[in-house]
Amino acid sequence: YMKFSDYTYIRLDYTAIKAQFSDLTEQLAQASDLETTRTLVIATTKLLNLIDTHYNLWMIRHTIDMNDEFYNEETKFWNEYYPLFEELTTNYYRVIVQTPYKVELADILPETFFMQAENKLKTFSSDVIPLFQKENELTDEYNKLIAGAEIDFQGQTYNLAQMGPFGQSTDRDVRKAASAATTAFFESKEADFDRVYDELVKVRTEIAHKLGFKDYVEYGYLKMNRFDYNRDMVKVYREEILKHIVPIVQDLRQRQANRLQVPSLKHYDLNLEFLDGNAVPQGDPDFIVSQAQDMYRELSAETGEFFDFMIEHELLDLNAKPGKNSGGYCTYIPDYKSPFIFSNFNGTSGDIDVLTHEAGHAFQVYRSRWIQSPEVVWPTYETCEIHSMSMEFMTWPWMDRFFKEQVDKYKFTHLASALLFLPYGVLVDHFQHEVYEHPEMTPAERKATWKKLQDLYLPDRDYSESEALNRGIFWYRQGHIFASPFYYIDYTLAQVCALQFWKRTQVDHDENAWEDYIRICDLGGTKSFLQVVEAANLQSPFKEGALESTAKAAADWLDAVKDTDL
Ligand code: ZN
């Protein structure tokens, strides 16, 4: 098998590609029959896949080692040229949206392709390319700040991912000291985080204004391709979370305090679920991967084939190491028809979540390899997260393989965390609405805004022992806020869908659930969010009562667990 390390990266020749691309677009504008149009669309799609392939190869290798000099040089190339490639793409969109053959081309260009293309035409203009380039540089600066974190703790130096396990230590002094050390890192770079974000907000607002939008919020909804819902619906949804989920979360936090035998939780207690320790994987990374391979073979023929492919081609980079960017992601390399999974294993249960969450993304995109246009291999973000978050629950029957006698602890924590996440998720969303609706805010005012909203959505969060966190700097560690504006409500919408899959498999023993899941993986990005929700036989999170009833099913299950015995 060809391995990931054999996938060849080349610096694309922009001038040559531009000539080829422009020529195809010009011919397309002149094309007067279906067959010519189809041939030109296929040729253009091949070029788009070529660009996407090398962009992804660079991105993966750069994030695996942010100190690699070769890929650091290539970062400069992509920051500068990516918007220029986008310009070529947009010129193509301007022509193709006029085609009289939309119906006949639906096998290559589904309806969602045209919806996205229309949005791209509104959100991109050659006049603002220098601003996109500036935005890319700032995002990269943020990534470097995070990847460069060197935290001295107990005589050793750690990066942010490696600090994770200390936050779950059963020794309260260790948790407290670890939290203080991590916070001290963010505080030491406070001026940098503030400056980078301030410049990002200003440059994004300028992009929105130059393109005729009222603010970056309006721009952001189009850029995120939110076809089925708007700002007002999201506002109502956030209020529903406040009303129905925040009380459940407060109850769960009180139960956690009881388990930890403290009167109330301090901020450094939040990541420890059980007094004798959280559930942790009962083996090293090789053990985890081999268990995952067995699991996916047993789950279905389709997942078995998929995961074997990932291993045979070495499409997983799982362990935390110095210089590696933080977080986890899944991406897709079109010319090799390969998904890729990136994560930072650190010995916590989160390692298993990666192999179910990111593998859910990777499985979807693997099932969507039949789709030729790179724009619609993936669905929009809130839909993508249905695939990933639901896979976390679809694999519950195999969790004893990873956690052995700690499996019940794991399941309790996993389901509880799905609910605990919802208020935090809408907090991140609400914060960004405030920030971009008031771009003139100073960094200090932004921190005060975060603090105010945090008190609203996370009323029992106790930062009284940390002046910096109490001032509102927690969000520096939330990469989406810097790199992917407005990509966050998506997780909460998808969670409500994933919890329905949890209920169907775990409570209702619904035999059609897996079939429904595979169906929406096969759809990829050829349908919009609510169309996918419908195809999966799920209720829309926006539908009156759907959020409340879904959360209640999970809360009831958690209530029935004697958590103090776990
Ligand atoms: Zn995800």
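This report concerns the structure included in the present document. (Residues numbered from 1 in each chain as written. Predicted model: local features only at pLDDT ≥ 70, side-chain atom pairs only at ≥ 80, totals over all residues. Heavy atoms only, no water.)

On to the overall build of the protein chain, then. Per the secondary structure count, the protein chain includes 24 helices and five strands. Rg of the C-alpha trace for the protein chain: 23 Å, near the compact-globule value of 24 Å for 566 residues, within the 12% margin. In terms of principal-axis extent, the alpha carbons of the protein chain reach across some 75 × 55 × 50 Å. Among the 566 residues that make up the protein chain, the fraction classed as buried is 60%. (Helix = DSSP H or I, 4+ residues; strand = E, 2+ residues; numbered from the N terminus. Rg over C-alpha atoms; globule rule 2.2 N^0.38 Å. Buried < 20%, exposed > 50% of the residue type's maximum accessible area, 1.4 Å probe, protein only.)

For the rest of this paragraph, the subject is the environment of K120. For K120, the position within the fold is in helix α4 (residues 111–123). In the structure, K120 is positioned 332 residues away from K452 in sequence and 35 Å away in space, judged by C-alpha atoms. Aside from chain neighbours lying at most four places away, what touches K120 is E86, T90 and Y93. Reaching out from K120, the side chain makes a polar contact with the side chain of E86 at a distance of 2.4 Å. (Contact = heavy atoms within 4.5 Å. Polar contact = N/O pair within 3.5 Å; in protein donor to acceptor, adjacent residues only side chain to side chain.)

Here we take up the packing of aromatic side chains. Inspection of every chain in the model, using the stated rule, returns 72 aromatic pairs. Look at Y424 and Y488: their rings are 6.1 Å apart centre to centre, the planes differ by 85°, and that puts the pair in the edge-to-face class. Of the two residues, Y424 is situated in helix α17 (residues 407–437) and Y488 in the loop between α20 (479–483) and α21 (489–507); the sequence distance between them amounts to 64 residues. For the pair formed by Y424 and Y488, the shared burial category is buried. Sitting over the ring of F274, R259 keeps its end group 4.8 Å from the ring centre. Residue placement shows K324 over the ring face of F342; its charged tip is 4.7 Å from the ring centre. (Phe/Tyr/Trp six-rings, centres within 6.5 Å; stacked < 30°, edge-to-face > 60°. Lys NZ or Arg CZ within 6 Å of the ring centre and 35° of its normal.)

Let us look at the pattern of salt bridges. When the charged atoms of two side chains with opposite charge come close together, those side chains can pair. Within this structure, the stated rule accounts for 45 salt bridges. We note a salt bridge from D194 to K447, for which the minimum N-O separation is 2.6 Å. Placement of the pair is D194 in helix α8 (residues 190–210) and K447 in helix α18 (residues 443–457), with a sequence separation of 253 residues. Judged by its relative accessible area of 8%, K447 falls in the buried class. Close ionic contact of D516 with R519 constitutes a salt bridge, the shortest N to O distance being 2.8 Å. You can see D516 and its partner R519 sitting in helix α22 (residues 513–523), three residues apart, about one turn around the helix. Overall, the relative accessible area of 32% leaves R519 in the partly exposed class. Among the charged side chains, a network of salt bridges with common partners joins E187, E190, D194, K447, E467 and R471. (Salt bridge = Lys/Arg side-chain N within 4 Å of Asp/Glu carboxyl O.)

The next subject is the packing of helix α3 (residues 69–96) against α4. Orientation of α3 relative to α4, taken along the N-to-C sense of each, is 120°, at an axis distance of 9 Å. One finds that α3 runs oblique with respect to α4. Judged by the sense of rotation from one axis to the other, the crossing of α3 with α4 is left-handed. On the side of α3, the interface is formed by E86, T90, Y92, Y93, R94 and I96, while α4 contributes F113, F114, A117, K120 and L121. (Axes fitted to C-alpha atoms, helices over the stretch in contact; angles between N-to-C directions. Parallel < 35°, antiparallel > 145°, perpendicular 65-115°, else oblique. Left-handed = near helix turned anticlockwise from the far one by under 90°.)

Attention shifts here to the state of the cysteines. One pass over the full model with this rule turns up zero disulfides. In this structure C330 is a free cysteine whose sulfur lies 8.9 Å from that of C384, the closest cysteine sulfur available. Exposure remark for C384: the relative accessible area of 4% places this residue in the buried category. (Disulfide = S-S within 2.5 Å.)

Here the focus is the sheet that holds strand β5 (residues 338–345). With mixed pairing, the three strands of this open sheet are ordered in space as β3-β5-β4. Where the open sheet ends on each side, the last strands, each with one partner, are β3 (316–319) and β4 (329–333). Taking each pair of neighbouring strands and ignoring which way they run, the sheet shows an average axis angle of 15°. Note: β4 against β5, five bridges, orientation antiparallel. Bridging across to β5, Y332 finds its partner in P339. The sheet strands contacting helix α13 (residues 301–312) are β3 and β5, and the helix crosses β5 at an angle near 75°. (Pairing = 2+ DSSP bridges.)

With that settled, consider the coordination of the zinc ion. Listed as protein donors to the zinc ion are H357 (NE2), H361 (NE2), E385 (OE) and E385 (OE); their distances from the metal cover 2.1 to 2.7 Å. Given four donor atoms and angles of 53 to 145° at the metal, the environment of the zinc ion is assigned as irregular. Taken in sequence order, the residues that donate to the zinc ion follow the motif H-x3-H-x23-E. Of this pair, H361 sits in helix α14 (residues 350–367) while E385 sits in helix α15 (residues 381–394); the two residues are 24 residues apart in sequence, bridging distant segments of the chain. On the basis of relative accessibility, which here comes to 1%, the residue E385 falls in the buried class. (Donors = N, O, S within 2.8 Å, 3.2 Å for Na, K, Ca; no water. Tetrahedral: all angles 85-135°; square planar, octahedral: opposite > 155°, others 65-115°.)

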